[in-house]
Amino acid sequence: MSFDRLAPHYRWLERVTAGGVLQRARIAHLASLDTAENILLVGEGPGRFLTALRARRPDVPITVLDASARMLDMACDTAVGPTTFQQLDLTEESLPPGSWDAVVSHCFLDCFASAKLERVSANLAQATTPKADWLITDFAMPAAGWQRARARFAHALMYRTFRIAANLEARRWTDPSSLLSAQGFELHRRTPFNHGLIRADHWRRA
């Protein structure tokens with residue numbers, strides 16, 4: 001999986017396909033990071049959430065991880081304050097344990113098939129402190145009705161497109177909720193967007 005080819009086009013593709021909905025979802029629970037002392041951003045992409053976070057927390061140390069060098073370059077162009085950038089494949093390399101008290105993985109976990117999703121979520125969880133916060137914005141699947149039928153069509157189109165453009169391994173969305181619960185996180189708040197097609201979660205370790 002590599003988003004290097006998509007990186008130069010990512011911003012306009014997001015505007016065309018999602019308008020401002022994804023960014024509104026990303027920042028829906030931004031205030032929950034107000035007390036974090038060390039924040040990890042995973043799969044940040046071109047840096048839109050990083051910019052919003054920096055406007056609110058100009059001095060907090062932030063680590064940005066991405067497997068795509070070109071995405072990291074784009075995010076780096078938006079960076080101010082104490083920010084560290086690192087190219088890393090979380091399916092292959094382990095993070096240092098207990099290093100961050102907040103993790104943000106927007107539009108990231110939905111890229112993985114179930115086996116790798118379990119590995120990645122465990123890798124991220126062990127890298128957080130015992131009372132960490134975790135923000136997640138992803139495409140999701142509503143429970144029933146026309147919203148679910150609409151989401152199934154959108155998911156099929158999205159995953160097919162990203163398999164071709166980015167060699168995405170996942171063929172369908174896997175709900176990460178049970179994996180986060182198994183790592184000691186509890187869902188604190190969930191905000192749906194676009195009739196449930198997108199959801200913004202705030203998870204917290206009890």
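What counts and what doesn't
Residues numbered from 1 in each chain as written. Predicted model: local features only at pLDDT ≥ 70, side-chain atom pairs only at ≥ 80, totals over all residues. Heavy atoms only, no water. Helix = DSSP H or I, 4+ residues; strand = E, 2+ residues; numbered from the N terminus. Buried < 20%, exposed > 50% of the residue type's maximum accessible area, 1.4 Å probe, protein only. Contact = heavy atoms within 4.5 Å. Pairing = 2+ DSSP bridges. Axes fitted to C-alpha atoms, helices over the stretch in contact; angles between N-to-C directions. Lys, Arg positive; Asp, Glu negative; His and termini not counted. Salt bridge = Lys/Arg side-chain N within 4 Å of Asp/Glu carboxyl O. Right-handed = clockwise from strand over helix to strand, strands pointing away. Phe/Tyr/Trp six-rings, centres within 6.5 Å; stacked < 30°, edge-to-face > 60°.

K.L.:
Sorry, what's going on with the overall build of the chain here?
P.N.:
Across its full length, the chain holds seven helices and seven strands. Ordered by position from N to C terminus, the α and β elements of the chain give α-α-β-α-β-α-β-β-α-β-α-α-β-β. Relative to its full complement of 206 residues, the chain shows a buried share of 50%. Long-range pairs, those at least 24 residues apart, make up 64% of the contacts in the chain between residues at least 6 apart in sequence.

K.L.:
Explain the sheet that holds strand 3 (residues 83-87) here, please?
P.N.:
Sheet strands line up and pair through hydrogen bonds in the backbone, either parallel or antiparallel. Spatial strand order, 3-2-1-4-5-7-6: seven strands in an open sheet with mixed pairing. Of all strands in the sheet, those with a lone pairing partner are strand 3 and strand 6 (185-193), marking the two edges. Averaged over neighbouring strand pairs, the angle between their axes works out to 15° when direction is ignored. One ladder, built from five bridges, connects strand 2 (residues 62-66) with strand 3; its direction is parallel. Within strand 3, the residue paired with threonine 63 across the bridge is threonine 84. In the packing of helix 4 (residues 69-76) onto the sheet, contacts are made with strand 2 and strand 3, and the angle to strand 3 comes to roughly 170°.

K.L.:
Help me understand the side chain of aspartate 138, please; the structure alone is not making it clear to me.
P.N.:
Structurally, the position occupied by aspartate 138 is in strand 5 (residues 128-139). Arginine 199 provides the closest opposite charge to the buried, salt-bridge-free aspartate 138, at an N-O distance of 7.0 Å. Excluding residues within four positions of it along the chain, aspartate 138 makes contact with His106, Cys107, Phe108, Leu109, Asp110, Leu197, Ile198 and Arg199.

K.L.:
Any chance you could explain the pairing of strand 4 (residues 100-104) here in plain terms?
P.N.:
Regular strands place side chains that alternate from one sheet face to the opposite one. For strand 4, a buried count of five out of five residues is recorded, marking the element as mostly surrounded by other parts of the structure. Alignment of strand 1 (residues 39-42) against strand 4, held across three bridges, turns out to be parallel. Bridging across to strand 4, isoleucine 39 finds its partner in alanine 102. As paired strands, strand 4 and strand 5 are joined by four bridges and run parallel to one another. Paired with valine 103 across the strands is tryptophan 134, a residue of strand 5. Crossover connection from strand 4 via helix 5 (residues 114-126) to parallel strand 5: handedness right-handed.

K.L.:
I keep staring at the pairing of strand 5 and nothing clicks. Help me out?
P.N.:
The buried count for strand 5 comes to nine of 12 residues, which makes it a mostly enclosed element. Inspection of the sheet shows strand 5 paired to strand 7 (residues 198-205) by seven bridges, in the antiparallel sense. Paired with leucine 135 across the two strands is histidine 202, which belongs to strand 7.

K.L.:
Can you walk me through the packing of aromatic side chains in this structure?
P.N.:
What describes a pair of aromatic rings is the distance from one ring centre to the other and the angle between the planes of the rings. All chains considered together, the criterion is met by two aromatic pairs. Taking 5.1 Å as the distance between ring centres and 75° as the angle between the ring planes, the aromatic pair formed by phenylalanine 108 and phenylalanine 112 counts as edge-to-face. The same class applies to phenylalanine 108 and to phenylalanine 112, which are both buried. A centroid spacing of 5.2 Å and a plane angle of 75° characterise the contact between tryptophan 134 and phenylalanine 185, whose relative ring orientation is edge-to-face. Taken together, the residues span a long stretch of sequence, with tryptophan 134 in strand 5 and phenylalanine 185 in strand 6 at a distance of 51 residues. Since its relative accessible area comes to 2%, phenylalanine 185 is described here as buried.

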